[in-house]
Amino acid sequence: QNKYNILFKETFLTIKKILPNMKIGGPSIAINLATDQEETCKKWLINFLNYLNENEISIDFLSIHSYPLMPNTTEDDANSHILDKLRYKTFKGLNKAFIRDIDYMKEDIKFLEKIMKEKNYEDIPIILSEWNAEPSMESKINDTCFLALSIIYNTLNNFHRVEGMIYWTLSDIFEEYGHYKNI
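All values derive from a computational prediction rather than experimental measurement. (Residues numbered from 1 in each chain as written. Predicted model: local features only at pLDDT ≥ 70, side-chain atom pairs only at ≥ 80, totals over all residues. Heavy atoms only, no water.)

Draft legend 1. Representation of the sheet that holds strand 2 (residues 61-66). Spatial ordering of the open sheet is given by 1-2-6-7, a layout of four strands whose pairing is parallel. This sheet does not close on itself; its edge strands, each paired only once, are strand 1 (25-31) and strand 7 (164-167). Here the strands of the sheet are splayed against their neighbours by 20 degrees on average, with no regard to which way each runs. Sheet topology places strand 1 next to strand 2; six bridges connect them, and they run parallel. Note that in strand 2 the partner of Gly 26 across the bridge is Leu 62. Where helix 5 (residues 145-158) meets the sheet, its contacts fall on strand 6 (126-131) and strand 7, and the angle it forms with strand 7 comes to roughly 170 degrees. (Pairing = 2+ DSSP bridges. Helix = DSSP H or I, 4+ residues; strand = E, 2+ residues; numbered from the N terminus. Axes fitted to C-alpha atoms, helices over the stretch in contact; angles between N-to-C directions. Contact = heavy atoms within 4.5 Å.)

Draft legend 2. Layout of the packing of aromatic side chains. This structure, assessed with the given rule, holds seven aromatic pairs. Both rings, one in Phe 8 and one in Phe 12, keep their centres 6.2 Å apart while their planes meet at 20 degrees; by these two values the pair is stacked. Taken together, the residues Phe 8 and Phe 12, both in helix 1 (residues 2-18) and four residues apart, mark about one turn of the helix. The two residues Phe 8 and Phe 12 agree in class, both being buried. A ring pair is formed by Phe 8 and Phe 48, whose centres lie 5.2 Å apart and whose planes are at 80 degrees; its orientation type is edge-to-face. Of this pair, Phe 8 sits in helix 1 while Phe 48 sits in helix 2 (residues 38-54), and the two are 40 residues apart along the sequence. (Phe/Tyr/Trp six-rings, centres within 6.5 Å; stacked < 30°, edge-to-face > 60°. Buried < 20%, exposed > 50% of the residue type's maximum accessible area, 1.4 Å probe, protein only.)

Draft legend 3. A look at the nonpolar core. Counting residues in hydrophobic clusters, the biggest one holds 32 residues, and the most contacted among them are Phe 8, Ile 31, Leu 45, Leu 52 and Ile 59. Mapped by element, the contributors of at least two residues to this core are helix 1, strand 1, helix 2, strand 2, helix 4 (104-118) and strand 6. With seven residues, helix 4 is the single largest residue contributor to this core. Apart from the residues within four sequence positions on either side, Leu 45 is in contact with Pro 27, Ile 29, Ile 31, Phe 111, Leu 112 and Ile 115. (Core = buried A, V, L, I, M, F, W, Y, C linked by side-chain atoms within 4.5 Å.)

Draft legend 4. Quick peek at the packing of helix 1 against helix 2. Packing of helix 1 against helix 2 leaves a shortest axis separation of 11 Å and a crossing angle of 40 degrees. Taken together, helix 1 and helix 2 sit at an angle that is classed as oblique. Regarding helix 1 and helix 2, the two cross each other, and that crossing is right-handed. Contacts between helix 1 and helix 2 involve Tyr 4, Asn 5, Ile 6, Phe 8 and Lys 9 on the former and, on the latter, Trp 44, Asn 47, Phe 48, Tyr 51 and Leu 52. Of the residues assigned to the contact of helix 1 with helix 2, the class counts are seven nonpolar, two polar and one charged. (Parallel < 35°, antiparallel > 145°, perpendicular 65-115°, else oblique. Left-handed = near helix turned anticlockwise from the far one by under 90°. Nonpolar A, V, L, I, M, F, W, Y, C, P; charged D, E, K, R; others polar.)

See the structure below:
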């Protein structure tokens with residue numbers, strides 16, 4: 001994280017020197033409260049905000065990614081055989097996950113707002129710089145009625161709490177996986 005903080009600071013200062021009115025924020029960290037990473041995420045965000053304070057960097061917004069992923073259960077979980085039928089592959093089969101509560105985005109925003117309040121950043125806008133039912137464009141959940149309703153539900157229930165929402169992504173053709181080469 002120290003290397004990220006230094007890179008952020010140098011980039012921020014360089015851009016502001018050239019374009020002082022440019023809006024710059026970050027860190028676009030993925031918040032996933034359903035995993036055992038909640039404390040790690042909180043610590044990372046607090047360290048980032050502390051670093052900004054120590055270096056007198058006034059960002060224009062805080063940005064996060066919000067995905068409703070829950071970790072895979074263990075094989076000896078009593079409900080494992082039932083949950084196996086509900087699982088879908090993510091990240092090209094490297095991980096398996098579930099969609100957690102439909103209010104995942106609201107929970108993620110509340111989590112961030114709490115940290116922002118603790119660190120006196122409550123007046124800084126929040127931007128959801130990535131959100132979707134999951135980060136993989138190859139997911140079987142894409143192009144379903146469930147996803148359409150999830151988009152509508154989360155937009156209507158959260159747009160008033162954030163400055164911007166950037167849906168990730170509207171197309172199954174995306175350069176991160178190299179599919180564009182086959183078009």
